[in-house]
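# Geometric and topological summary
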Amino acid sequence: MINLGAYAVTRRSKIAPDAEDVVRQLYRFIPWVVRKWAKTQKYSFREQLFNGIRYFDLRLAVNDDDDQIYFVHGVYCDEAMYPLEEMLNFLIDHPQEFVILDCQHFYNFEPRHHQKFTQMLLKLFNTRIYERFIHEQDFPYLTLSKALNLQKQLFIIYRNQNIDKTFFQSYHFQNPWPNVTDIRKLEEFLDHRIMLRSPYQGWCTQLVLTPTSSFIIRRFYSSLRNKCAKQVDKECKAYLEAQKPGPFRDDEPRKSNVFLADFVDLYDNYFPKTVVDLNMKLLP
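Residues numbered from 1 in each chain as written. Predicted model: local features only at pLDDT ≥ 70, side-chain atom pairs only at ≥ 80, totals over all residues. Heavy atoms only, no water.

In space, the 3 strands of this open sheet follow the order β6-β7-β8, with parallel pairing throughout. The strands lining the two open edges of the sheet, one partner per strand, are β6 (173-174) and β8 (258-260). As paired elements, β6 and strand β7 (residues 202-206) share 2 bridges and run parallel to each other. By the bridge assignment for β7, Gln-174 is matched with Trp-203. (Pairing = 2+ DSSP bridges. Helix = DSSP H or I, 4+ residues; strand = E, 2+ residues; numbered from the N terminus.)

Here's what the structure looks like:
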């Protein structure tokens with residue numbers, strides 16, 4: 001399940017380098033509208049972890065003001081170090097838990113910033129990391145029990161060529177982006193793309209709608225939470241509950257793996273509860 005790091009959007013949040021040109025123009029005149037549509041989660045990292053979230057999809061950018069690395073989603077959110085420290089504390093307190101960090105996008109990064117950030121991850125999580133250069137051949141068969149027997153609590157996907165050999169690459173864990181605003185098109189995209197999944201790789205199913213600039217302008221006074229996330233939770237309920245997790249062979253229908261969603265707190269945490277319950281289908 002997901003976090004985009006974009007829970008910490010406040011009145012002080014400035015426009016970030018991942019914002020489209022039209023969003024930058026809107027921000028000059030109506031920044032409060034941009035901030036409402038930039039926020040993707042209500043919960044902090046710590047709160048998400050305590051509510052069952054184990055997959056974190058991250059966008060990162062270097063802030064020119066202080067040369068520090070922040071989470072971004074149209075605007076700057078938290079500096080990256082502090083939420084990741086929350087995650088480390090959670091793993092220390094819960095040694096039977098496992099987390100996936102997916103470092104998805106990088107903005108304003110130079111090679112030195114990649115080196116700085118990867119070194120920060122290595123120092124912070126240290127021996128808890130499931131290392132690619134040691135375990136790459138076993139990755140397709142990774143289970144929670146195997147990871148915990150090795151005293152490993154997370155693996156890191158780093159989608160950039162400046163990758164440390166400790167981290168997994170994009171081809172290990174696919175994360176296709178639907179980029180639609182229509183529920184029917186969303187489900188069609190997900191059904192089509194998962195057919196490309198190999199039995200030997202991880203897969204993220206993005207149950208999210210992505211608003212265009214015109215979509216936002218027509219819903220000026222609303223928000224991503226009300227016009228996209230709530231719609232997904234209501235209309236994709238049957239779709240999500242019908243998914244089947246677990247391993248499969250090349251000649252078998254593809255199965256689900258990881259799910260991503262905005263505002264996982266909606267409807268009494270319906271999304272994480274439902275995804276966790278899918279694991280019951282693996283029992284005899």
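In this section: unusual backbone geometry. Leave glycine aside and you will find that most residues have negative phi; peptide bonds, for their part, are mostly trans. Phi at Asn-108 takes a positive value of approximately 65°, unusual for a residue other than glycine. Inspection of the secondary structure puts Asn-108 in the loop between β4 (99-107) and α5 (111-125).

A few words now on the pairing of β4. Counting buried positions along β4 yields 7 of 9 residues, so the element is predominantly enclosed. As paired strands, strand β1 (residues 55-63) and β4 are joined by 7 bridges and run parallel to one another. Within β4, the position partnered with Arg-59 by the bridge is His-105. As paired elements, β4 and strand β5 (residues 154-158) share 5 bridges and run parallel to each other. Looking at β5, one finds that Cys-103 is bridged to Tyr-158. (Buried < 20%, exposed > 50% of the residue type's maximum accessible area, 1.4 Å probe, protein only.)

Okay, the environment of Asn-89 next. Within the element layout of this structure, Asn-89 appears in helix α4 (residues 81-93). Looking at Asn-89, the relative accessible area reads 44%, which means it is partly exposed. Separated by 43 residues in sequence, Asn-89 and Arg-46 have C-alpha atoms that sit 8.9 Å apart.

With that settled, consider the packing of aromatic side chains. Note on aromatic pairs: each is described by the distance of the centres and the angle between the planes. One pass over the full model with this rule turns up 19 aromatic pairs. Summarising the aromatic geometry, the rings of Phe-45 and Phe-56 are spaced 4.9 Å apart at their centres and angled 50° between planes, so their arrangement reads as tilted. Separated by 11 residues along the polypeptide, Phe-45 in helix α3 (residues 45-50) and Phe-56 in strand β1 bring together distant segments of the chain. Ring centres of Tyr-55 and Phe-173 lie 6.2 Å apart, and the angle between their planes is 15°; on these two criteria the pair is classed as stacked. Pair noted here: Tyr-55 is in strand β1 and Phe-173 is in strand β6, with a separation of 118 residues, a long-range link. Each member of the pair, Tyr-55 as well as Phe-173, carries the same accessibility label: buried. (Phe/Tyr/Trp six-rings, centres within 6.5 Å; stacked < 30°, edge-to-face > 60°.)

What follows concerns the nonpolar core. With 67 residues, the main nonpolar core has Leu-101, Phe-117, Leu-121, Phe-125 and Leu-207 as its most contacted residues. Ignoring anything within four residues of it in the chain, the contact list for Leu-207 reads Leu-186, Leu-190, Val-232, Cys-236, Tyr-239, Leu-240, Phe-259, Leu-260, Ala-261 and Phe-271. Counting residues in each nonpolar core, the second largest holds 14 residues, with Tyr-55, Ala-147, Phe-155 and Val-208 among its members. (Core = buried A, V, L, I, M, F, W, Y, C linked by side-chain atoms within 4.5 Å. Contact = heavy atoms within 4.5 Å.)

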